[in-house]
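Letter by letter, the chains look like this.
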Amino acid sequence: MNNSSLFTLNSSLLLAPMAGVNDPVFRAICKRMGAALTYTEMISSKGLAYGNARTQEMIAGLPEDKPYAVQLFGNEPEVMAAEAQRLHEQLADDIALIDINMGCPARKVASAGSGAALLEKPDLAAAIVSAVSSAVSVPVTVKMRLLHESDDATTLGFAERMAQSGAAALTIHGRTAGQFYTGTARKDIVGVLARYLEIPVIASGDVYSADDIQTYWDEGASAVMAARGARGNPWIFAGDKPSLEEVVSIAREHTMRLYEWEPRKLVWMRKHLAWYFKGAPHALKVRKAVQTAVTLEDYLEILDVCL
């Protein structure tokens, strides 16, 4: 397996995979702002196997975002390997790496034995990593969570197993699956893993500011992944604080290009606009207005009154 593309991620900021957030236009905007790599939404390997149309939409990308990463979830090594190979053949040079989700705590994912449920099945998790990494020539990475809030040995043991099975890098979110997004993510766990693993460690969890990013650098992260802190804030990748005019401009671009890409996805701008204007003078007005917005003109009118 060729791991060379991962070396360019050192000291880089990445856009994390987020369901219902990472449309191709938002990813392209984040890339322009400075994200070294963006990820698709989390993709079901079963959905790919069934040829699901929505799943195919989720792996699409715009030219300025390529190459990008695709995150897969599932619990069947053979299926995941076959679909990873098909993805690689379909996307060719447009795919930077394949990430395997072992951290999603959502009930519909974990209850089916995927996502964070794999943390409890290291043999199966290792078999998945081995099968997928053997099926493709792009790097295969793993995104995981803490196995225990205070017993780091269990988390380290699992991480080492993934590295031994072929993972080219590992992303750690410093919460357990049971914590979901409550409390505070442990940033020090990045240092624990970075000191013992021979593969790059990517930091995830509570990345909202330059200070958060710097803390992860200090812990020894090879890259830092922004998730919720990037919603409505692609400027996190540029280290800038935008003016209201800049927010309106990017929100307008996002709205218009999303409509051009796929008119049915315009409804996604309801949450995107709420995030763009969070904390701004027009925040409450925007949140109320987007609930009844339907047409492209509706959304553009909301933006017109924000200046």
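Keep in mind the model is a prediction, meaning the values are calculated, not measured. (Residues numbered from 1 in each chain as written. Predicted model: local features only at pLDDT ≥ 70, side-chain atom pairs only at ≥ 80, totals over all residues. Heavy atoms only, no water.)

Visitor: In this structure, what is going on with the pairing of strand β2 (residues 37-44)? I would like to understand it.
Guide: Along a regular strand, successive side chains alternate from one face of the sheet to the other. Most of β2 sits inside the fold, with seven of its eight residues counted as buried. Relative to β2, strand β1 (residues 12-15) runs parallel, the two being bridged by two bridges. Paired with Leu14 across the bridge in β2 is Leu37. Note that β2 and strand β3 (residues 68-73) share four bridges and pair parallel. Of the residues in β3, the one forming a bridge with Ile43 is Leu72. (Buried < 20%, exposed > 50% of the residue type's maximum accessible area, 1.4 Å probe, protein only. Helix = DSSP H or I, 4+ residues; strand = E, 2+ residues; numbered from the N terminus. Pairing = 2+ DSSP bridges.)

Visitor: So what exactly am I meant to see when it comes to the environment of Asp99 here?
Guide: Counting through the fold element by element, Asp99 comes out in strand β4 (residues 95-102). Residue class for Asp99 comes out buried when judged on its relative accessible area of 0%. Separated by 27 residues in sequence, Asp99 and Leu72 place their C-alpha atoms 6.1 Å apart. When residues no more than four places from it in sequence are discounted, the contact partners of Asp99 are Tyr39, Val70, Gln71, Leu72, Thr141, Val142 and Lys143. Separated by 3.4 Å, the side chain of Asp99 and the backbone nitrogen of Val142 make a polar contact. (Contact = heavy atoms within 4.5 Å. Polar contact = N/O pair within 3.5 Å; in protein donor to acceptor, adjacent residues only side chain to side chain.)

Visitor: Looking at this model, I keep getting lost on the nonpolar core. Mind explaining?
Guide: Generally speaking, a soluble globular protein has its nonpolar side chains buried in company with each other. Core analysis: the biggest nonpolar cluster contains 88 residues, and Met102, Met162, Phe237, Leu273, Tyr276 and Phe277 have the highest contact counts within it. Among the elements that make up this core, the one with the highest residue count is helix α1 (residues 24-33) (six residues). Setting aside anything within four residues of it in sequence, one finds Met162 in contact with Met102, Pro122, Ala125, Ala126, Val129, Val142, Ala167 and Leu170. With 11 residues, the next largest nonpolar core counts Leu14, Ala16, Tyr39 and Leu97 among its residues. (Core = buried A, V, L, I, M, F, W, Y, C linked by side-chain atoms within 4.5 Å.)

Visitor: Sorry, what's going on with the packing of helix α6 (residues 122-135) against helix α7 (residues 152-164) here?
Guide: Angle between the axes and distance between the axes are the two parameters that describe a pair of packed helices. It is the contact of α6 with α7, at a shortest axis distance of 8 Å, that shows an interaxial angle of 30°. Taken together, the axes of α6 and α7 are roughly parallel relative to one another. In terms of crossing hand, the pair formed by α6 and α7 is right-handed. In this structure, α6 contributes Pro122, Asp123, Ala125, Ala126 and Val129 to the contact, and α7 contributes Phe158, Arg161 and Met162. Among the residues forming the contact of α6 with α7, the class breakdown is six nonpolar, no polar and two charged. (Axes fitted to C-alpha atoms, helices over the stretch in contact; angles between N-to-C directions. Parallel < 35°, antiparallel > 145°, perpendicular 65-115°, else oblique. Left-handed = near helix turned anticlockwise from the far one by under 90°. Nonpolar A, V, L, I, M, F, W, Y, C, P; charged D, E, K, R; others polar.)

Visitor: So what exactly am I meant to see when it comes to the pattern of salt bridges here?
Guide: When the charged atoms of two side chains with opposite charge come close together, those side chains can pair. A full pass over the atoms with the stated rule returns 17 salt bridges. For Glu253, the salt bridge identified is with Arg32, shortest N-O distance 2.8 Å. Pair noted here: Glu253 is in helix α10 (residues 244-261) and Arg32 is in helix α1, with a separation of 221 residues, a long-range link. When its relative accessible area of 49% is taken as the criterion, Arg32 is described as partly exposed. Close ionic contact of Asp206 with Arg175 constitutes a salt bridge, the shortest N to O distance being 2.8 Å. Of this pair, Asp206 sits in the loop between β7 (201-204) and α9 (210-219) while Arg175 sits in strand β6 (residues 169-176); the two residues are 31 residues apart in sequence, bridging distant segments of the chain. When sorted by exposure, Asp206 lands in the same class as Arg175, which is buried. Several salt bridges converge on common partners, so that one network encompasses Arg32, Glu64, Glu253 and Arg257. (Salt bridge = Lys/Arg side-chain N within 4 Å of Asp/Glu carboxyl O.)

Scope: geometric values only; no functional claims are made or implied.
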